[in-house]
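Breakdown of the fold
Listed here are the chains, written in short residue letters.
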Amino acid sequence: MKTTRNWFVVLAGIALIIGLPKILPEHSIHVAIQILLFAYLSLCWNILGGFTGQLSFGHALFMGVGAYTSTLLLLRFGISPWIGMIAGGILSALLGLFIGYLSFRYRIRGTYFALVTLAFTEVARIIALNTEAVGGAMGLYIPIQSNDLWQIKFVDKSQYYYVMLAFLLVAMGVTAWLERSVTGHKLIAIRENEDAAQALGVSL
Amino acid sequence: MTLDLILQAIATGILLGGVYSLICTGLTLTFGVMRIINFAHGEFLMVAMYASYFFSQALHTEAYTAILVVVPGLFIFGVFVFQLLVRPILSAEPLNQMLLLVGLSLVLQNGALALFSPDTRSVQSALLYSKIELGDVIIGVPKLIAFATSVAVTFALYWLLRSTELGRQIRAAASDREAAALMGINVNRVNLIAFGIGVGTLGIAGPVMLPIFYIVPNIGSFFILIAFVVVVLGGIGNFMGALVASFVVAVTESLGALFMPGSTAPVLPFLLFILVLLFKPEGLFGAKPR
């Protein structure tokens, strides 16, 4: 009986999530997309901040690099964001590796790690504001005339809702997988006790 | 590039350094000595500036007179915030403390946005356009006042912490809470007063900065990162170090503005900060962090 009711709740939830854009007015859809986006970003942040306990203020930087990369590729070269997001992801990851390598190589952690990531973000923000090639203070704008799934352009907001929902599901899947994987256990070990983790052979 | 331009940039930098230092002395106390990662420091400054603005508007006086009211006001506000929010989490993870104060800063910032609107405000003052000319170098009087005040405040706090009984108690409570309590120090009371003083110094910074800067609800966010940069560069908890670091940061910035394209100069303090954290984490002036 209990399980049947649980399944009913789950199914109703899924139906609600899928049907939401059909019943919401335009503005509320925008809010719903923001909710999904924030949930997605939190999941990304959680892998570093939640699993390993390293508080990063730099995720705005990584999101910015991804967004600028895919948008510039689309505007300048007409390359689809589906490819651009991979390119942006790789660039972000490289930058993350660079900052992470520097910080952990020089054993910066805790508060100082948070401040360093914040400083890197600030440097990037000022550079982006002053570089005309990436739009400067005006930023970049993608004009949308028609629906195009390949270029992720939609006239209708609700389509973005589904795209964002799909990304969120992928991020949840990755997080769940990571939590069960050996890497995930290592990350959590670092959070709980860095020295003990190292003594047991986790390479920090 | 003429010499007097460079001299002017250095003079502007030193004066701006005075402003930075005025903001940072309080942070050196709360962050540097008490080790509370006070991310709301910029918003306390914002509160001080709005308070002085409304005070001087209501009484039609120079902004500087607001110091008499805003310093005790901010002290009480700081004590209130400490009692209500900071004290319960004093022994929590540093990162959780940081998040709480980031949260407080968001609340204050958006509260100000709702109450005072995003309009920029500034005061009119007889002193506003008065200046001193030293050869080709021009020095604005309000900035000179800010500079002199900041040096005085820094020395006063340094003296307070080094040579008074209260200062000794603050340092004792900061370095080992339990040992200090065992020595008969009322740690709660000492922390409360220290946090109040740290916030209260902004009651001086607010009125002094009012003739120099426009006030907007997010003015704190322009200074908070620089303030942390300065405190770390100066060596955690080192008042004199923070004073010198303020000048280093500000002169770097104003000289950078002369030589670097567009408005990219503000990256310099952050690059300096990253380099110092990587290679000399105890700060520019040596004192080993506890």
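Here, every reference points to the structure presented above.
Remember, predicted model here, so these are calculated numbers, not experimental data.

**Quick word on the overall build of chain B**
When helices and strands are counted, chain B shows twelve helices and two strands. The order of helices and strands in chain B, counted from the N terminus, is α-α-α-α-β-β-α-α-α-α-α-α-α-α. By the compact-globule yardstick of 19 Å for 290 residues, chain B fits well, its C-alpha radius of gyration being 19 Å. Dimensions of chain B, computed from the C-alpha atoms along their principal axes, are close to 60 × 50 × 35 Å. For chain B, with 290 residues in total, the buried portion stands at 48%. Taking as baseline every contact in chain B between residues at least 6 positions apart, the subset at least 24 positions apart corresponds to 76%.

**A look at the overall build of chain A**
Looking only at helices and strands, chain A has eight helices and zero strands in total. Of the regular secondary structure in chain A, the N- to C-terminal order runs α-α-α-α-α-α-α-α. When the 204 residues of chain A are sorted by exposure, 19% land in the buried category.

**A word on helix α11 (residues 239–259) of chain B**
Residues and elements named next belong to chain B. Look at α11: 30 Å from first C-alpha to last across 21 residues, which is about the 30 Å you get at 1.5 Å a residue. Among all positions in α11, only F239, G241, A242, L243, A245, S246, F247, V249, A250, E253 and S254 are buried. Its buried side turned inward, α11 meets α1 (3–33), α5 (141–163), α10 (219–233) and α12 (267–279).

**As for unusual backbone geometry**
Residues and elements named next belong to chain B. The phi dihedral of H60 is positive, around 50 degrees, even though this residue is not glycine. Within the fold, H60 resides in the loop between α2 (41–59) and α3 (67–86). Assessed through the 7 C-beta atoms surrounding it within 10 Å, H60 is described here as exposed. Despite not being glycine, S117 has its phi angle at roughly 65 degrees, a positive value. The exposure class assigned to S117 is exposed, which follows from the 11 C-beta atoms found within 10 Å.

**Observations concerning the interface of chain A and chain B**
Interfaces are often sized by the amount of accessible area the parts lose when they come together. With 18 residues of chain A at the interface, the matching set in chain B holds 19 residues. Residues that form the side of chain A that touches chain B fall into these classes: 14 nonpolar, three polar and one charged.

**Looking at the packing of helix α5 (residues 110–129) of chain A against helix α4 (residues 94–116) of chain B**
Remark: α5 of chain A packs on α4 of chain B, axes separated minimally by 9 Å, with the N-to-C direction vectors making an angle of 45 degrees. Relative to α4 of chain B, α5 of chain A is oriented oblique. Along its contact with α5 of chain A, which presents G110, T111 and A114 of chain A, the element α4 of chain B presents P94, L95 and M98 of chain B. For the contact of α5 of chain A with α4 of chain B, the per-class residue count stands at four nonpolar, two polar and no charged.

**Looking at the nonpolar core**
Residue and element names in this part refer to chain B. Among the nonpolar cores identified, the biggest contains 105 residues, and I23, A48, M49, A227, V229, V230 and V231 are the most heavily contacted of them. Sorting elements by how many residues they give to this core places α10 first, with twelve residues. Beyond its immediate sequence surroundings of up to four residues, A48 is in contact with V70, L74, L202, G203, A205 and G206.

**Description of the pairing of strand β2 (residues 137–140) of chain B**
Residue and element names in this part refer to chain B. Alignment of strand β1 (residues 131–134) against β2, held across four bridges, turns out to be antiparallel. In the strand pairing of β2, L134 is matched with V137. Joining the antiparallel neighbours β1 and β2 is a turn of two residues, in which G135 adopts a positive phi near 65 degrees.

**Re the environment of N191 of chain B**
All names here are of chain B. Here N191 lies in helix α8 (residues 187–200). It is 22 Å that separates the C-alpha atoms of N191 and G234, two residues lying 43 residues apart in sequence. Apart from residues lying up to four places away in sequence, N191 is in contact with M34 and A173.

**Regarding the environment of S91 of chain B**
Its place among the elements puts S91 of chain B in the loop between α3 and α4. C-alpha of S91 of chain B to C-alpha of R177 of chain B: the two residues are 86 residues apart in sequence and 9.8 Å apart in space.

**Quick word on the packing of α5 of chain B against helix α6 (residues 165–175) of chain B**
All names here are of chain B. Look at α5 against α6: their axes get within 5 Å of each other, and the N-to-C directions meet at 75 degrees. When the axis of α5 is compared with that of α6, the two are roughly perpendicular. Packed against α5, whose contacting residues are L160, L161, R162 and S163, the element α6 presents L166, G167, I170 and R171 at the interface. Split by residue class, the contact of α5 with α6 holds four nonpolar, two polar and two charged.

Calculation rules
- Residues numbered from 1 in each chain as written.
- Chains lettered and ligands numbered in written order.
- Predicted model: local features only at pLDDT ≥ 70, side-chain atom pairs only at ≥ 80, totals over all residues.
- Helix = DSSP H or I, 4+ residues; strand = E, 2+ residues; numbered from the N terminus.
- Rg over C-alpha atoms; globule rule 2.2 N^0.38 Å.
- Buried ≥ 20, exposed ≤ 12 C-beta atoms within 10 Å, placed from the backbone.
- Contact = placed C-beta atoms within 7 Å.
- Expected span 1.5 Å × (residues − 1).
- Nonpolar A, V, L, I, M, F, W, Y, C, P; charged D, E, K, R; others polar.
- Axes fitted to C-alpha atoms, helices over the stretch in contact; angles between N-to-C directions.
- Parallel < 35°, antiparallel > 145°, perpendicular 65-115°, else oblique.
- Core = buried A, V, L, I, M, F, W, Y, C linked by C-beta atoms within 7 Å.
- Pairing = 2+ DSSP bridges.

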